[in-house]
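# Survey of secondary and tertiary structure
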Amino acid sequence: MNFFMIASDRGARALPREPMPRYAAIDIGSNSIRMLAAEAAAGGEFRELISSRQVVRLGENVFREGRLSQPAMDLACQTLMVMAEEYRRLDVLAVRAVGTSALRDATNRAEFLARASQILGTPVEVISGLEEARLIHLGVQARWPQPRRRILITDIGGGSAELILSEGGRMIDAFSRPLGAVRLTEMFLKSDPPDPRELARLEKYIQERIAGAVERIGTASIERMVATSATAAAAVCAANQVRRAKRAMADRFLASAAQIRRLYLDVSRLTLESRRHVTGIGPRRAEIIVAGVAVLNEVMGNLAIPRLYYSTAGVRDGIIADLLHRRVGREPDHLDSDERRVVRALGRRYGTSANHARKVAQLAAMLFEGLHPLHRLTPSYGRILEAAAYLFNIGHYVNERSHHKHSLYLILNADMPGFTDRERLGVANLSRYHRKSMPQPSHTEFQIMDPEMRNAIVLLAPLLRIAVALDQSQEQKVERVEVSIQDRAVELRLSSDRDTDIEQWHASRTAIVFHEVYGRQLMIRGKR
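Residues numbered from 1 in each chain as written. Predicted model: local features only at pLDDT ≥ 70, side-chain atom pairs only at ≥ 80, totals over all residues. Heavy atoms only, no water.

Along the chain, Asp-192 connects to Pro-193 via a cis peptide bond; the corresponding omega equals 0°. Despite not being glycine, Gln-241 has its phi angle at roughly 55°, a positive value. Its place among the elements puts Gln-241 in the loop between α8 (229–240) and β12 (254–256). Of note in this structure, Ser-402 is not a glycine but carries a positive phi near 55°. Considering the arrangement of structural elements, one finds Ser-402 in the loop between α16 (380–391) and α17 (403–412). (Helix = DSSP H or I, 4+ residues; strand = E, 2+ residues; numbered from the N terminus.)

Right under this line is the structure:
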């Protein structure tokens, strides 16, 4: 056991050091499944404990027929079972498992998600391309920080490719395109070696799909290109004559545009059997390397990028970095700056008042903290409440009538990077219950949540209603709310240098719902 010493007038005594949190991440990709378990280290970094990868080709049948094949699902589930046993031995604090392109496209994904979630003991999220890009960016910045450069991160997966523009360590633009190596191989490359006409169609398709991103990114301002994924690893290893068994050594190695172009020309002329003997590629990667390197070649050519650097980072590294940053399992009761930026941007898109939303969020946070002895929710639900405070009003964009229901729909269908599907569902439902009726058995979107989240939404809804009421005029009169919990009542004292009679009246109208949920009378008084 680790110890540190505390000095006092009675001498020094040893206290046990709080163990560093451990997390596990699982990336269920279209070509392979990757697992990483890591432990927090000093300075917000993490130390790798276990890392594993297994090729399962989950997307192969999806890109041909739109469905996951039974053998691929069985192999994937067997792989997940082994990985779960590995990280459970480490006593991890939390696990996040995500699925990407193949699961986004598969019509029968529900069957696999149910099986995989049961094996892992945690829900498997099917994330959007934008969330995938965000996690890749976090992973690269965690493994290889680029705080002062404008970089392009390119990830060629099995089903999709992500192009991510980063400046000063922040993601400023991202594009997800259906340009994964497995997908493109299934779509275009039928001959062995590939027919020139197949290659021409492949190249044209890639050019068309990246054209918009190329136009947005431009051709003059990229200081460094960082390529991730197994395709990039194979390409850099082949260019540098690094054997596949030594692939870990290739981290941060570079390959010039000329080397990538030459590799593409070479492997596209070889048979599959010959490609398997190319240094650095490997037998399974040889099956899809032509399409993967074609994407790298087109990106570099269209953006006039002279060289790329390979990074071992990826989605799973980003998951670990994100879990550490958000202190999952030891969460703060408020959104971090990136999460707040996401909800504010969504609010702006639908024309909400930024000042009103900010004030409601501040008041809601005061109520969450002051009423904690009654609701006893973990700090993570304070984040749900704050996000809903920023978004409860976006339904006005659709229609004034029943705008709370429109808010529910908009949030359920919004892309909110940084929020899990479970969290987004909670935010959507809480926004829906900021007015009118409380949850009913007939409310489908409420019933599909897990029991813990349903209970939290019931406890949080009165708090959001009070916060909204206290700024109903949108004049931000109330500066602070002090909470006094009594045996049969809760008293809220409003601090303001202005008259708050209107705010008190609006808030008093929430008293019935508050009593139904908390069993206490609600009293509201002004305080100057």
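Ranked by internal contacts, the top residues of the largest apolar core, which has 64 residues, are Leu-391, Met-416, Leu-430, Leu-464 and Val-481. Here this core gets 12 residues from one element, more than from any other, and that element is helix α20 (residues 451–469). Those residues in contact with Met-416 that lie beyond four places of it in its chain are Val-342, Val-343, Leu-346, Leu-391, Ile-411 and Arg-424. (Core = buried A, V, L, I, M, F, W, Y, C linked by side-chain atoms within 4.5 Å. Buried < 20%, exposed > 50% of the residue type's maximum accessible area, 1.4 Å probe, protein only. Contact = heavy atoms within 4.5 Å.)

Right, let's get into the pairing of strand β11 (residues 224–228). Summarising burial for β11: five of the five residues are buried, a large majority. Burial of β11 is two-sided: the residues Arg-224, Val-226 and Thr-228 facing one way and the residues Met-225 and Ala-227 facing the other way are all buried. Sheet topology note: the strand β8 (residues 150–156)/β11 ladder contains five bridges and is parallel. Residue pairing in the sheet places Ile-151 in a bridge with Arg-224 of β11. Direction of pairing for β11 relative to strand β13 (residues 307–310): parallel, over a ladder of three bridges. Bridged to Ala-227 within β13 is Tyr-310. (Pairing = 2+ DSSP bridges.)

Glancing now at the packing of helix α14 (residues 354–370) against α20. Axis separation between α14 and α20 bottoms out at 8 Å; the angle between their running directions is 135°. In terms of orientation, α14 and α20 fall into the oblique class. Here α14 runs over α20; the crossing is right-handed. Residues His-356, Val-360, Leu-363, Ala-364, Leu-367 and Phe-368 of α14 lie in contact with α20, whose contacting residues are Leu-460, Leu-463, Leu-464, Ile-466, Ala-467 and Val-468. (Axes fitted to C-alpha atoms, helices over the stretch in contact; angles between N-to-C directions. Parallel < 35°, antiparallel > 145°, perpendicular 65-115°, else oblique. Left-handed = near helix turned anticlockwise from the far one by under 90°.)

Turning to the pairing of β13, a few remarks are in order. Where β12 and β13 come together, three bridges link them in antiparallel fashion. When the sheet's bridge partners are listed, Ala-255 is paired in β13 with Leu-308.

Okay, the packing of aromatic side chains next. Using the criterion set out here, one finds five aromatic pairs in the structure. Seen in terms of ring centroids, Trp-144 and Tyr-309 are 5.9 Å apart; in terms of plane orientation they differ by 70°. Their pairing is edge-to-face. Here Trp-144 is found in the loop between α5 (129–143) and β8, whereas its partner Tyr-309 is found in strand β13, with 165 residues between them in sequence. Classification of Trp-144 by relative accessible area gives buried; the value is 10%. For Tyr-309, a relative accessible area of 17% gives the class buried. Aromatic pair Phe-188 and Tyr-205: ring centres 5.1 Å apart, planes at 55°, arrangement tilted. (Phe/Tyr/Trp six-rings, centres within 6.5 Å; stacked < 30°, edge-to-face > 60°.)

This part takes up helix α13 (residues 337–349). Side chains of residues three or four places apart in an α-helix project in the same direction, reflecting 3.6 residues per turn. A rise of 1.5 Å per residue sets the reference length of α13, with its 13 residues, at 18 Å; its end C-alpha atoms lie 18 Å apart and thus fit the reference within 8%. Listed as buried for α13 are Glu-339, Arg-340, Val-342, Val-343, Leu-346 and Gly-347. Along the axis of α13, the buried residues cluster in a sector spanning 155°; they form a single face. Turned more than 90 degrees off the buried face of α13, the exposed positions are Arg-348 and Arg-349. Those residues of α13 that are buried are in contact with α16. N-capping of α13 is provided by Asp-336, with a side-chain oxygen placed 3.1 Å from the backbone N of Asp-338. (Expected span 1.5 Å × (residues − 1). Arc of directions from axis to C-beta. Polar contact = N/O pair within 3.5 Å; in protein donor to acceptor, adjacent residues only side chain to side chain.)

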